[in-house]
Amino acid sequence: MTERLNIVVGITGGIAAYKAVGVIREFVVAGHNVNVIATESALRFVGAPTLEALSRNPLHTSLFEDVARVRHVSLGQSADLIVIAPATAHTLAKLAVGLADDLLGTTVLASTAPVVLAPAMHTEMWQNPATVANVATLRGRGMHCVGPERGELTGGDVGLGRMSEPADIVAYALAVLHPAGVVPSDDLAGRTVVVTAGGTREPLDPVRYLGNRSSGKQGVALAREAARRGARVRLIAAHVDGDMRDAAAVLTGVTVEDVSTADELARAVTAAASEADIVIMAAAVADYRPETVAEGKLKKDAVGESLTLTLVQTPDILAGLAAARRPGQVVVGFAAETAADRDELLARGRAKAARKGADLLVLNAVGWQHGFGADNTTVVVIRADGEIVAEASGSKDEAARAVFDAVGCLPTA
């Protein structure tokens, strides 16, 4: 191990608190210094002696302990990473509004360290609009979510809401500091995901085309994230940068199909969608193509000083996929908009969501200096009804995680 981290593990009052014991142990075995903060409710599920024995540090529970050292500030200031597992619906709500009525809340507010949340609750609570909004708020502030997973819940119920396994939480949390180390979750195991990436090119003649500046980075990140979560992935690549395309092609569970024009992409994704559980249209597709394509290179001496092109609309692939989707299938679209501010971006996105009919629409602002080709992005994910369900700002991988987490929040058919 190259570095010893100061890690705060927050445990809140849910039945999944017993799994936090494994999170603590994983961090300690890896050589890190772990301080545990348990809420009063958490101690009803797991005992203080266990937490102290495994962390090898005194347990922290109260704002009024070690007051002289201002414990609620010092813990946050010294932390390299904060992990809250389980993060109950109540905890997510408190964090979203910045409440600081206990040691965990004040520690989070007093820290600049990355915060990783491992939600755990019943499906109905996770999908409740209040929880969805709270998670979107926390993501928008840069907090990270791992899980929840689909599986057995308390009371014999089965569904989305089970806390991720300790090893996955630890690996994900460490990967927040060292992104190359991200490990798979399994919430998409057994499912087929189709992702389109890159930008289509519409030929003018054998050497020229109408195109766009999409690099395909976001689509490849989506394919990579789906594979990490256990899915079978079909990546339909429209002129994706060579190195990224090749890197995607060697990922376990990913197959790549190359296309060029909007018509080719439409045929490929329509065929692939027939067997897909989730279809994500991340490619930048041309809205228009030349009505005619010259058989030979257009020459200036033959054309003259000006060239007039007649363009015709290409098929609306996203709307077609949304209209044809079968029960239980999820269709996600992307909308890159030139918007002056967030309000305009949302207005344009909501109008497009109403027209397209996809389950989710991922909005991002583009312009001369940002958007296509950049390594980082800012996205807002909305439902068909215009409700915001997720936000992310950072790497394309971070945006991909937010998109798939939003897919997981959709009500099951």
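Definitions and limits used
- Note that residues are indexed from 1 along each chain, following the sequence as it is written.
- In view of the model being predicted, local features appear only for residues whose pLDDT reaches at least 70, and side-chain atom pairs are presented and counted only at 80 or more, with totals across whole chains, interfaces and linings using the full set of residues.
- Remark: hydrogens and water are excluded; side-chain values derive from all non-hydrogen atoms of the structure.
- Here a strand pair is declared whenever DSSP counts at least two bridges between the two strands.
- Helix and strand labels come from DSSP, where a helix needs a run of H or I of at least four residues and a strand needs a run of E of at least two; each type is numbered from the N terminus.
- With a 1.4 Å probe rolled over the protein chains alone, any residue whose accessible area is under 20% of its type maximum counts as buried; one over 50% counts as exposed, and the rest are partly exposed.
- An automatic or database domain assignment supplies the start and end points of every domain.
- Should any heavy atoms of two residues lie within 4.5 Å, those residues are considered in contact.
- By buried area we mean the combined loss of accessible area, with a 1.4 Å probe, across both parts when two parts are placed together.
- The working definition used for a salt bridge is a side-chain nitrogen of Lys or Arg within 4 Å of a carboxyl oxygen of Asp or Glu.
- Residues are grouped as follows: nonpolar covers Ala, Val, Leu, Ile, Met, Phe, Trp, Tyr, Cys and Pro; charged covers Asp, Glu, Lys and Arg; every other residue, Gly included, is treated as polar.

- Per an unreviewed UniProt entry, the recorded name for the chain is Coenzyme A biosynthesis bifunctional protein CoaBC, and the organism is Klugiella xanthotipulae.

### A word on the sheet that holds strand E4 (residues 115-119)
Thinking step 1. Sheet architecture is open: five strands sit in the order E2-E1-E3-E4-E5, paired in parallel fashion. The two strands at the open ends of the sheet, each matched to only one other strand, are strand E2 (33-38) and strand E5 (144-145).
Thinking step 2. Alignment of strand E3 (residues 81-87) against E4, held across four bridges, turns out to be parallel. Across the sheet, the residue bridging to Val83 is Val116, located in E4.

### Quick word on unusual backbone geometry
Thinking step 1. Across the junction of Ala85 and Pro86, the peptide omega takes the value 0 degrees, indicating a cis bond.
Thinking step 2. The topology assignment puts Pro86 in strand E3.
Thinking step 3. Cis rather than trans, the peptide bond between Gly147 and Pro148 has omega equal to 5 degrees.
Thinking step 4. For Arg56, which is not glycine, the phi dihedral falls at a positive 65 degrees.
Thinking step 5. A relative accessible area of 67% places Arg56 in the exposed class.
Thinking step 6. In this model, His239 sits at a positive phi of 60 degrees, which is unusual for a non-glycine residue.
Thinking step 7. Its relative accessible area of 28% is what places His239 among the partly exposed residues.

### A look at the domain arrangement of the chain
Thinking step 1. Once the domains are mapped, the chain shows domain 1 (6-177) and domain 2 (192-409).
Thinking step 2. Put simply, the middle of domain 1 and the middle of domain 2, counted by C-alpha atoms, are 36 Å apart.
Thinking step 3. Between domain 1 and domain 2, the contact holds twelve residues from the first and ten residues from the second.
Thinking step 4. Of all residues in domain 1, Val132, Ala136 and Arg139 bury the most surface against domain 2, accounting for 48% of the area lost on that side.
Thinking step 5. Here domain 1 is connected to domain 2 by one salt bridge.
Thinking step 6. The salt bridge partner of Arg139 is Asp405, with a shortest N-O separation of 1.9 Å.
Thinking step 7. Taken together, the elements giving at least two residues each to the side of domain 1 that touches domain 2 come down to helix H6 (123-127), helix H7 (129-140) and E5.
Thinking step 8. Sort the elements by how many residues they give to the side of domain 1 that touches domain 2 and H7 lands first, with four residues.
Thinking step 9. Looking at side-chain class alone, the side of domain 1 that touches domain 2 contains six nonpolar, four polar and two charged residues.

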